[in-house]
Amino acid sequence: MQEAVVIRTDEQLAQIVRLGSILRMPRLELMLHDGVSFGSMDGLVHLASRELARCHENLQLNYWRIAAKEGPGGTRCRIVTDYFDAGADRLFVRRRVYARAMALCSGGRPSPEAVCRAVRQDIAYGTAGANPHCVSSALRSGTGVCQAISHYVFQLMVRCGYPCVVRTGTLGGVRHSWNRIRLHGAWQTVDLCVSGPAEYLEETAETAQQQYDAMTVYLHRRVRLHERGADVNGIPFPQHVADRRWVCPTRFVQCFNGASFRDGDSLILCMGAAARSVPFSALRETPEHIPYMETAQFARLMGLRMENDCLLFAEGL
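Residues numbered from 1 in each chain as written. Predicted model: local features only at pLDDT ≥ 70, side-chain atom pairs only at ≥ 80, totals over all residues. Heavy atoms only, no water.

**Q** What exactly am I supposed to notice about the overall build of the protein chain here?
**A** When its secondary structure is counted, the protein chain shows nine helices and 21 strands. The globule rule puts the C-alpha radius of gyration for 317 residues at 20 Å, and the 20 Å found for the protein chain is close to it. Along the three orthogonal principal directions, the C-alpha set of the protein chain runs to about 55 × 55 × 40 Å. The buried share among the 317 residues of the protein chain stands at 51%. Put simply, of all contacts in the protein chain between residues at least 6 apart along the chain, 57% involve residues at least 24 apart. (Helix = DSSP H or I, 4+ residues; strand = E, 2+ residues; numbered from the N terminus. Rg over C-alpha atoms; globule rule 2.2 N^0.38 Å. Buried < 20%, exposed > 50% of the residue type's maximum accessible area, 1.4 Å probe, protein only. Contact = heavy atoms within 4.5 Å.)

**Q** What should I look at first to understand helix α7 (residues 208-216) in this one?
**A** An α-helix turns once every 3.6 residues. As a result, residues three or four positions apart point the same way. Residues of α7 that are buried include every one of Ala208, Gln211, Tyr212, Ala214 and Met215, and no others. Taken end-on, α7 shows its buried residues confined to a sector of 165°, consistent with a single buried face. (Arc of directions from axis to C-beta.)

**Q** Could you clarify how one ought to interpret the pattern of salt bridges in this entry?
**A** Note that side chains of opposite charge can pair when their charged atoms are close. Tallied over the full model, the rule gives 12 salt bridges. We note a salt bridge from Arg27 to Glu29, for which the minimum N-O separation is 3.6 Å. Under the relative-accessibility criterion, Arg27 is labelled partly exposed at 32%. Among the residues examined, Glu29 registers a relative accessible area of 2% and is labelled buried. The salt bridge partner of Arg222 is Glu307, with a shortest N-O separation of 3.8 Å. Taken as a pair, Arg222 in strand β11 (residues 220-226) and Glu307 in the loop between β20 (305-306) and β21 (310-314) lie far apart in primary sequence, 85 residues in all. For Arg222, a relative accessible area of 40% puts it in the partly exposed group. (Salt bridge = Lys/Arg side-chain N within 4 Å of Asp/Glu carboxyl O.)

**Q** Please explain the packing of aromatic side chains as it appears in this structure.
**A** Within a pair of aromatic rings, the relevant descriptors are the distance that separates the centres and the angle that separates the planes. As enumerated under the stated definition, the model contains seven aromatic pairs in all. Ring pairing ties together the aromatic residues Phe252, Phe256, Phe298 and Phe313, which thus form one cluster. The side chain of Arg109 reaches across the aromatic face of Tyr162, ending 4.2 Å from its centre. Between the NZ or CZ atom of Arg140 and the centre of the ring of Phe92, over which it lies, the distance is 4.1 Å. (Phe/Tyr/Trp six-rings, centres within 6.5 Å; stacked < 30°, edge-to-face > 60°. Lys NZ or Arg CZ within 6 Å of the ring centre and 35° of its normal.)

**Q** I would appreciate a short explanation of empty space enclosed by the protein in the present structure.
**A** The gaps left among the atoms become clear once a water-sized probe is rolled over them. Taken as a whole and judged by the stated rule, the model has three cavities of 30 Å³ or more. The computed volume of the second largest cavity comes to approximately 40 Å³. Lining the second largest cavity we find Val17, Gly20, Ser21, Met25, Leu28, Leu52, Ile79, Thr81 and Tyr83. Contributing elements (two or more residues each) for the lining of the second largest cavity: α1 (10-22) and β4 (74-83). Its residues placed into classes, the lining of the second largest cavity shows six nonpolar, three polar and no charged. (1 Å grid on protein atoms, 1.4 Å probe; cavity = no way out; pocket = protein on both sides within 12 Å on 5 of 7 lines; lining within 4 Å. Points joined across faces, edges and corners; volume = space filled by probe spheres on them. Nonpolar A, V, L, I, M, F, W, Y, C, P; charged D, E, K, R; others polar.)

**Q** Please clarify how the layout of surface pockets should be interpreted in this entry.
**A** Of the voids in this model, the second largest pocket is the one considered here, and its volume is about 310 Å³. Together, 16 residues line the second largest pocket, and Leu23, Arg24, Ala86, Gly87 and Arg90 are the ones closest to its centre. For the lining of the second largest pocket, the elements supplying multiple residues, two or more each, are β4, α3 (87-104) and α8 (249-255). The biggest single contributor to the lining of the second largest pocket is α3, with four residues. Residue composition of the lining of the second largest pocket, by class: seven nonpolar, five polar and four charged.

Structural data, given as C-alpha cells:
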C-alpha cells in the first residue's frame, strides 16, 4: 500500500490537494488526523473540489473521485484523478506554448491583441478533432471549443507576462468559458469565441483577482533531496526526478509546469520565466537514454537556490 501523507490541519490538506494536482499525481494517499475540521465527507469533498478547481487554471480534469475510510487515529483518504493533459499530451502542449511565447516575446512583450491573433492562428472555433475540449487535441486538429481555447489563451497570456484566469459560467443559457486578463491594473474580459458585447453569468463569486491570488499562493516550492530521490513540500515525487547528486532535467521541469525539447544539438529547458539551452555534450545519459546532470549545475543553470539539500524556487504558472 502506498504510504500516506499525514495531514493535521485544513491548510495542509488544501496545499497537498493542490500540489498533487499541479504535479499531475494520479493518486494521493492521505491520513487525516481527527483535528482536521472539514467535519464530514461532504466537507472533505467540498474542500478538495474547491482546491482542484483553484489550482493551476489550465488543469483539465477528465474525472476525479474521493474514497475515505475511518480508522484508528483518523481517516484514510484516497484521491484519484485523471487529466486530459497528462503525460505526452501535457508535454506537447507545453512545448507549443513555450515555443509560441518565445517567438511572440522575441521583440519585447507583445500586446494582448498579438497574443489573441496567435491563438486564432493555432485554434479556430469549431468542433473537429477527437476531443475539442482538450487543448492538446485542439492544437493537433486546429479547432476547439470554448474550453480548449480559453485554457490555451490562459497559458499563452501568462507566458507573455499578463495575469490571466479562466472564467466559467453560462452565456445565453449555454455552458461557456472565457478569460479575464489584467491590463493597467484592471481586469478585462477576453473571449475569442464570440464577437461583440455579451452578458456572462459567472458560476463563482470570486473576483478575477481573488481567483488569480488563490491560484498563485502555493507556487513556492521546497524540494528536499535525499539518496533515494526527492519530495516536494512533504509529498514524494511519483518518479525519480532528482537526488542529492543528480537531476533528470527533462523530468524535473515537466513536474513543475515546464517543458523540454530538442533544438539541434542542444536541449531547451523552460521553467517559469527561465528558458535555457544546454548542449547535449554537457549532459550524461542513463541506460534508458534519459539525460541527467549534476544537481548543483542544474540549480545554477535554472537560477534555483540551494539550502541544506533543498532546492528553493517559485514555480511558474
